[in-house]
Amino acid sequence: MITDGTRTTLLRRAALNNAAWCDAVCRAHGLSPRYDGEQLWFSARRTPPMYPDAVTLEPAVPAGSVVRGVDAVSPGCSVKDSFADLDLAGAGFEVLFEAQWIHRPAGAPLPEPEATGPEWSEVSGAEELAAWEAAFGGGESVDGDGPFRPALLGEGIVFLAGRAGGRIVAGAVASTGGGVVGVSNLFGAAWAGVLGAVRARWPELDVVGYEHGEDLEAAVRAGFTPIGPLRVWLLRTAD
């Protein structure tokens, strides 16, 4: 059973891991995000689509501190409220979605792999990354305009691809930071293969992430435990 103290520590690690991944994506796009001590990660310039402009790293971060650090004017500005304790409505934001952070301890039994599941390997090089991103997007090429740039292919970040018949049919991103491995951008109902690939690379690290709805249910079936809520706030657009 997870104690309250352990839960808070895990939430902090999950938030820090997620911020490190967002930081890498932003820097691959030429941005220069910053950390405000141990409380907040933020980018003063708009971030790539699907990536927040700020991530809280501790509970009870003042809402004013969050809003001051970001471009709270441009459409698409968003904030990842890692402890679901911010109120940004007065600053013109609304809740985009709510989710649960999830945790899986190192060494926990792996899910049984599917007998006919894809073969897993690590993406290598810009061409493979483009194919991975197209599969992640449902088969549509983004022609270099997507969030995933070749600069992300490096130490601590692994794009995992599940292939069948030479084609990428499943995948995920695994990234280290905060003393854990974060799994994000999962597609293709791939938990068994992804967790096996993560275990092979970082057997000593716990695995974290966040999910909601049916994806959360799938993560729980794969051995994850929900450990706490988060919210994503989006700047309201003018009617």
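Structure's up top.
Nothing here was measured: the structure is a model prediction, and the numbers come from that model.

K.L.:
Can you lay out the overall build of the protein chain for me, pointing to particular residues and giving the numbers?
P.N.:
Looking only at helices and strands, the protein chain has 5 helices and 11 strands in total. Here the C-alpha atoms of the protein chain give a radius of gyration of 18 Å, agreeing with the 18 Å that 2.2 N^0.38 yields for 239 residues. If you line up the protein chain on its principal axes, its C-alpha atoms span 50 × 45 × 35 Å. Burial status across the protein chain gives 44% buried among its 239 residues. Sequence separation of at least 24 residues holds for 67% of the intrachain contacts in the protein chain that already meet a minimum separation of 6. Counting every atom, the protein chain has about 11500 Å² of accessible surface; 51% of that belongs to carbon and sulfur.

K.L.:
So what's going on with the pattern of salt bridges? Residues and values would help.
P.N.:
All chains considered together, the criterion is met by 6 salt bridges. In this structure, the salt-bridge partner of Arg-27 is Asp-23, at a minimum N-O distance of 2.8 Å. Of this pair, Arg-27 and Asp-23 both sit in helix H1 (residues 4-28), 4 residues apart, which is roughly one turn of the helix. For Arg-27, a relative accessible area of 43% puts it in the partly exposed group. Ionic pairing is found between Arg-201 and Glu-122, a salt bridge with its closest N-O pair at 3.4 Å. In this pair, Arg-201 is assigned in helix H4 (residues 191-201) and Glu-122 in strand E6 (residues 119-122), connecting sequence segments 79 residues apart.

K.L.:
Describe the packing of aromatic side chains, naming the residues involved and giving the relevant values.
P.N.:
Applying the stated criterion across every chain, the model contains 12 aromatic pairs. Measuring from centroid to centroid gives 6.3 Å for Trp-21 and Phe-148, while their planes differ by 20 degrees, and the two rings are stacked. Of the two residues, Trp-21 is situated in helix H1 and Phe-148 in the loop between helix H3 (126-136) and strand E7 (157-164); the sequence distance between them amounts to 127 residues. Of the two residues, Trp-21 and Phe-148, neither departs from the other in class, the shared state being buried. Taking the centre distance of 5.7 Å and the plane angle of 80 degrees together, the rings of Phe-148 and Phe-159 count as edge-to-face.

K.L.:
Any details on the sheet that holds strand E10 (residues 207-211)? Residues and values, ideally.
P.N.:
Overall, mixed pairing links the 11 strands, which are arranged E1-E2-E3-E4-E11-E5-E10-E9-E8-E7-E6 in an open sheet. Only two strands of the sheet have a single partner each, and these edge strands are strand E1 (34-36) and E6. Between one strand axis and the next, the sheet turns through 25 degrees on average, direction left out of account. Here strand E5 (residues 93-104) runs beside E10; their pairing, made up of 5 bridges, is antiparallel. Within E10, the position partnered with Arg-104 by the bridge is Val-207. Across the sheet, H3 touches E6, E7, strand E8 (167-177) and strand E9 (180-187), and the angle it forms with E8 is around 105 degrees. Together, E5, E6, E7, E8, E9 and E10 form the strand contacts of H4, whose direction differs from that of E9 by roughly 150 degrees.

K.L.:
I'd like a rundown of H4, residues and numbers included.
P.N.:
The complete set of buried residues in H4 reads Trp-191, Val-194, Leu-195, Ala-197 and Val-198. Along the axis of H4, the buried positions cluster into a sector of 160 degrees, meaning they face one direction only.

K.L.:
Can you tell me about the nonpolar core, naming the residues and giving the values?
P.N.:
Grouped together as the largest cluster of nonpolar side chains are 35 residues, with contacts concentrated most on Trp-21, Trp-101, Trp-132, Phe-148, Leu-152, Ile-157 and Phe-159. Among the elements that make up this core, the one with the highest residue count is H1 (11 residues). Sequence-distant contacts of Trp-132, defined by excluding residues within four places in its chain, comprise Val-123, Phe-148, Phe-159, Leu-160, Ala-161, Ile-168, Gly-171, Ala-172, Val-173, Asn-185 and Phe-187. Residues Ala-170, Ala-172, Leu-195 and Val-207 belong to the second largest nonpolar core, which totals 21 residues.

K.L.:
I'd like to hear about the environment of Trp-233, residue by residue, with values.
P.N.:
Mapped onto the secondary structure, Trp-233 falls in strand E11 (residues 225-235). Spatially, the C-alpha atom of Trp-233 lies 20 Å from that of Leu-216, the residues being 17 residues apart in sequence. Once residues lying within four places of it in the same chain are set aside, the contact partners of Trp-233 are Cys-77, Ser-78, Val-79, Asp-81, Leu-86, Asp-87, Leu-88, Ala-89, Phe-93, Glu-94, Val-95 and Leu-96. A distance of 3.2 Å separates a polar atom in the side chain of Trp-233 from a polar atom in the side chain of Asp-81.

K.L.:
Give me the lowdown on the side chain of Glu-58, citing residues and values where you can.
P.N.:
Residue position: Glu-58 is located in the loop between strand E3 (54-56) and helix H2 (63-69). Of the polar contacts made by the side chain of Glu-58, one reaches the side chain of Arg-12; its length is 2.6 Å. Setting aside residues no more than four positions away along its own chain, Glu-58 makes contact with Arg-12, Glu-38, Gln-39 and Phe-83.

Definitions and limits used
- Residues numbered from 1 in each chain as written.
- Predicted model: local features only at pLDDT ≥ 70, side-chain atom pairs only at ≥ 80, totals over all residues.
- Heavy atoms only, no water.
- Helix = DSSP H or I, 4+ residues; strand = E, 2+ residues; numbered from the N terminus.
- Rg over C-alpha atoms; globule rule 2.2 N^0.38 Å.
- Buried < 20%, exposed > 50% of the residue type's maximum accessible area, 1.4 Å probe, protein only.
- Contact = heavy atoms within 4.5 Å.
- Areas by Shrake-Rupley, 256 points an atom, 1.4 Å probe, with all protein chains shown as cover.
- Salt bridge = Lys/Arg side-chain N within 4 Å of Asp/Glu carboxyl O.
- Phe/Tyr/Trp six-rings, centres within 6.5 Å; stacked < 30°, edge-to-face > 60°.
- Pairing = 2+ DSSP bridges.
- Axes fitted to C-alpha atoms, helices over the stretch in contact; angles between N-to-C directions.
- Arc of directions from axis to C-beta.
- Core = buried A, V, L, I, M, F, W, Y, C linked by side-chain atoms within 4.5 Å.
- Polar contact = N/O pair within 3.5 Å; in protein donor to acceptor, adjacent residues only side chain to side chain.

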